[in-house]
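Results of the structural survey
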Amino acid sequence: MSAGMVSAASTPPNVLYIFTDDQSVRTVGCYPDAYPWVKTPNIDALAAKGVRFHNVYMAAYCVPSRVSFLTGNLPHAARGAFTGAKLDTAALAQEEKEHPLWPRRLRENGYRTGIIGKWHVNPRPPAVGLDWDTAIHWTSDAETFGGYYHGQKVSINGATPVDLGGYSVDRHTDLAVDFIKDKAAGDKPWLLWLCYCGVHKPVEPAERHQGALAAVGPIPQPTSLTHREGKPAYIRDLPTPRWDRVESQIRQYHECVMAIDENVGRLMRTLEESGQLENTVVVFAADQGIAYGQHALIGKKDAPYDAALRGPLIFRWPGHYAENAVSYEPVNQTDVVRTLHEITGLKPLETMDGMSLVPLLKTPTAVLPRDAMLLTNVQNTMGGDIPRMMERTRRFIQKGGKGLDAMYDWTMIRSGRYKYVAYAGEDREEEVYDLKTDPEELVNLAASPEHKPLLNELRKKAAAELRKTQSGFDGGHYIDFFPLLRAQENR
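Predicted model, so just to flag it, every value in this text is computed and none were measured. (Residues numbered from 1 in each chain as written. Predicted model: local features only at pLDDT ≥ 70, side-chain atom pairs only at ≥ 80, totals over all residues. Heavy atoms only, no water.)

What follows deals with the packing of helix α1 (residues 41–48) against helix α7 (residues 243–273). Two elements in contact, α1 and α7, have axes separated by 7 Å at closest approach and are oriented at 55°. By the angle between their axes, α1 is oblique relative to α7. Each of Pro41, Asn42, Ile43 and Leu46 in α1 lies in contact with α7, whose residues at this interface are Ile260, Asp261, Glu262, Val264, Gly265 and Met268. Class assignment of the residues belonging to the contact of α1 with α7 gives a composition of 6 nonpolar, 2 polar and 2 charged. (Axes fitted to C-alpha atoms, helices over the stretch in contact; angles between N-to-C directions. Helix = DSSP H or I, 4+ residues; strand = E, 2+ residues; numbered from the N terminus. Parallel < 35°, antiparallel > 145°, perpendicular 65-115°, else oblique. Contact = heavy atoms within 4.5 Å. Nonpolar A, V, L, I, M, F, W, Y, C, P; charged D, E, K, R; others polar.)

This paragraph deals with the pattern of salt bridges. Applying the stated criterion across every chain yields a total of 25 salt bridges. In this structure, the salt-bridge partner of arginine 107 is aspartate 133, at a minimum N-O distance of 3.0 Å. Here aspartate 133 lies in the loop between β3 (112–118) and β4 (134–138) and arginine 107 lies in helix α4 (residues 102–108), a separation of 26 residues in the sequence. Given a relative accessible area of 26%, arginine 107 falls into the partly exposed group. (Salt bridge = Lys/Arg side-chain N within 4 Å of Asp/Glu carboxyl O. Buried < 20%, exposed > 50% of the residue type's maximum accessible area, 1.4 Å probe, protein only.)

This part is about the side chain of threonine 344. Mapping threonine 344 onto the fold places it in helix α9 (residues 333–344). Classification of threonine 344 by relative accessible area gives buried; the value is 1%. A polar atom in the side chain of threonine 344 sits 3.4 Å from the backbone oxygen of histidine 341. (Polar contact = N/O pair within 3.5 Å; in protein donor to acceptor, adjacent residues only side chain to side chain.)

In the case of a regular strand, side chains alternate between the two sheet surfaces. With 7 of 7 residues buried, strand β8 (residues 280–286) is to be regarded as a mostly interior element. The side-chain alternation of β8 yields two buried faces, one formed by Thr280, Val282, Phe284 and Ala286 and the other by Val281, Val283 and Ala285. Two elements, strand β1 (residues 14–20) and β8, share 7 bridges in a ladder whose sense is parallel. Following the sheet pairing, threonine 20 is matched in β8 by alanine 286. (Pairing = 2+ DSSP bridges.)

Another aspect to go through is the packing of helix α5 (residues 168–184) against α7. Remark: α5 packs on α7, axes separated minimally by 10 Å, with the N-to-C direction vectors making an angle of 10°. With respect to their mutual orientation, α5 and α7 come out roughly parallel. Residues Val169, Asp170, Thr173, Asp174, Ala176, Val177, Ile180 and Lys181 of α5 form the contact with α7, whose own contacting residues are Ala259, Ile260, Asn263, Arg266, Leu267, Thr270 and Leu271. Its residues assigned to classes, the contact of α5 with α7 shows 8 nonpolar, 3 polar and 4 charged.

An order of β6-β5-β4-β3-β7-β1-β8-β11-β2-β12 is seen for the 10 strands of this open sheet, with the pairing classed as mixed. Both edges of this open sheet fall to β6 (162–163) and β12 (325–327), since each of them pairs with a single strand only. With 4 bridges connecting them, β8 and strand β11 (residues 313–316) associate as antiparallel partners. Its bridge partner being in β11, alanine 285 is matched across the sheet by leucine 313.

Now for the sheet that holds strand β16 (residues 430–434). Strand order in this open sheet of 4 strands is β13-β14-β15-β16, and the pairing throughout is antiparallel. Strands at the two margins of the open sheet, each flanked by one partner only, are β13 (373–377) and β16. The mean inter-strand angle of the sheet, taken between neighbouring strand axes irrespective of direction, is 15°. One ladder, built from 6 bridges, connects strand β14 (residues 410–415) with strand β15 (residues 418–423); its direction is antiparallel. Bridge pairing in β15 links arginine 414 to lysine 419. Of the strands in this sheet, β13, β14, β15 and β16 touch helix α12 (residues 452–468), which is tilted by about 110° from β14.

If you trace the backbone, threonine 381 turns up in the loop between β13 and α11 (386–398). Reaching out from threonine 381, the side chain makes a polar contact with the backbone oxygen of valine 378 at a distance of 2.8 Å. Once you skip the residues sitting within four places of it in the chain, threonine 381 turns out to touch Ile386, Arg388 and Met389.

Moving on: the confidence of the model for the chain. Chain-level statistics for the chain give a pLDDT mean of 92 and a share of 96% at 70 or above. Residue range residues 1–9 is modelled with pLDDT below 50. Its contacts to residues more than four positions away, or to other chains, number 16 contacts. (pLDDT = per-residue confidence, 0-100.)

The next subject is the packing of aromatic side chains. This structure, assessed with the given rule, holds 19 aromatic pairs. With centroids separated by 5.1 Å and ring planes inclined at 5°, the aromatic side chains of tyrosine 35 and tryptophan 37 adopt a geometry described as stacked. For the ring pair tryptophan 138 and tyrosine 148, a centre distance of 4.7 Å and an interplane angle of 75° mean the geometry is edge-to-face. Of this pair, tryptophan 138 sits in strand β4 while tyrosine 148 sits in the loop between β4 and β5 (153–156), placing them 10 residues apart in sequence. The same class applies to tryptophan 138 as to tyrosine 148, namely buried. One aromatic cluster in this structure is built from Tyr17, Phe19, Phe69, Trp102, Trp119, Trp132 and Trp193. A cation over an aromatic ring shows up here: arginine 52 above the ring of tyrosine 31, its NZ or CZ 4.6 Å from the ring centre. For lysine 183, the ring lying beneath its charged end belongs to phenylalanine 179, and the centroid distance is 4.2 Å. (Phe/Tyr/Trp six-rings, centres within 6.5 Å; stacked < 30°, edge-to-face > 60°. Lys NZ or Arg CZ within 6 Å of the ring centre and 35° of its normal.)

Before going further, it helps to spend a moment on unusual backbone geometry. Across the junction of glycine 198 and valine 199, the peptide omega takes the value 10°, indicating a cis bond. Within the secondary structure, valine 199 sits in the loop between β7 (190–195) and α6 (233–236). Between lysine 201 and proline 202 the backbone carries a cis peptide bond, its omega angle lying at -5°. One can find proline 202 in the loop between β7 and α6. If you check the backbone angles, histidine 120 has positive phi at about 65° while not being a glycine. Structurally, histidine 120 is set in the loop between β3 and β4. Judged by its relative accessible area of 16%, histidine 120 falls in the buried class.

The tendency in soluble globular proteins is for nonpolar side chains to be buried side by side. Ranked by size, the top nonpolar core spans 71 residues in total, and within it Tyr17, Phe53, Trp193, Leu313, Phe315 and Leu340 carry the most contacts. Ranked by residue count, the leading element in this core is α12, at 6 residues. The residues touching tryptophan 193, leaving out its near neighbours within four places in the chain, are Tyr17, Phe19, Arg66, Phe69, Leu70, Gly114, Ile115, Ile116, Trp119 and Trp132. Ile18, Val216, Val264 and Ile290 belong to the second-largest nonpolar core, a separate cluster that totals 56 residues. (Core = buried A, V, L, I, M, F, W, Y, C linked by side-chain atoms within 4.5 Å.)

Structural data, given as structure tokens:
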């Protein structure tokens, strides 16, 4: 057995990780949150043969979600260069040596690895020959300019970017189909991280789906669109969007999902026709969810509410994991990484966060042995850039700035039926919600004298979870930005 491996199946499985962009649970038919007119038969078929996770908090923003996947760390704790000057070949090699991304270690231990689609982890490109055997990527930077859906340019294994041609979701699938077929003849297992650009804004459905949902509705207006009592200032200050315009955006957004569902079907047929279906773990997930009107939010810089955060997560491996089952345990992206380590037999680094979900895949009613699931929102400023972004937000507020740009970094935990949120900075606001009785998160319990003991308990749990993580920036720990949590530890 190779160094770094732990006990695994005699034939390690392939892993197809389908990763969409900004896809809410409201867009997937097998989730009870979905609108009644949502039809996603191919994604639903994955859930019918696998385990669907209900409370999924992968991340609060695009880049941190991808960084969490590559490092196995929560965004505030990720080590390495993920912002700043572009790394040259020598610097990239040194960075990979100091802070290895886990696909590199998987590759060194017998797997073929591939990334196809949206990369978006600037300034470091996919490291072909270190982390990846195959890298066909788009980053939306100056070198690979072009849209999310049309006119996209991709770099193939580090070469000069070329025009992808066609609709990006279809073309990414074409490339994935080629990858899967090519690996069928090989003698090594493989991991493919297939990163669709859909359904990120500007939402552009495939031509064949444009107008397909024009007649559905009316779409009910969420109560939280206008009910913002007890919310932090940045939410209270948001303008209320016109609901008829939001309805139109929702229809177009869901039309865009239709191409994703069709292409999931193509991928599954390819696995079956190439004889690899039985030995391939299929994971379907999104980098994050997105709100469309809930809490007056439309877009990114996600606030810590379920309507903005929750996305789908499905694991399919019949004969090994439960089928047509649901787990209600709160999970995040680092849990997925830990799970893929156990599935592939790779030993996690001690610095990684998260817990393996394999016990839940086998017994979905099981409970993970942790007091709380932690999620942090540092927006796009991982590691050493965190203090700089904090200062930028402070100055913006001092100058009278309002809205989402006035949102400080936040720490969130899910503990049982409760959600707790702390915002960074001196005397920042807090939020507590009972998700059993208040799933829309309308009533903030943090200021209620009756719930003071609960608030203190949740503060302690949040502080403890932050202490368990290891911040990647020098000179401090992330908890230092949360005086309320720091103070609670000593009570």
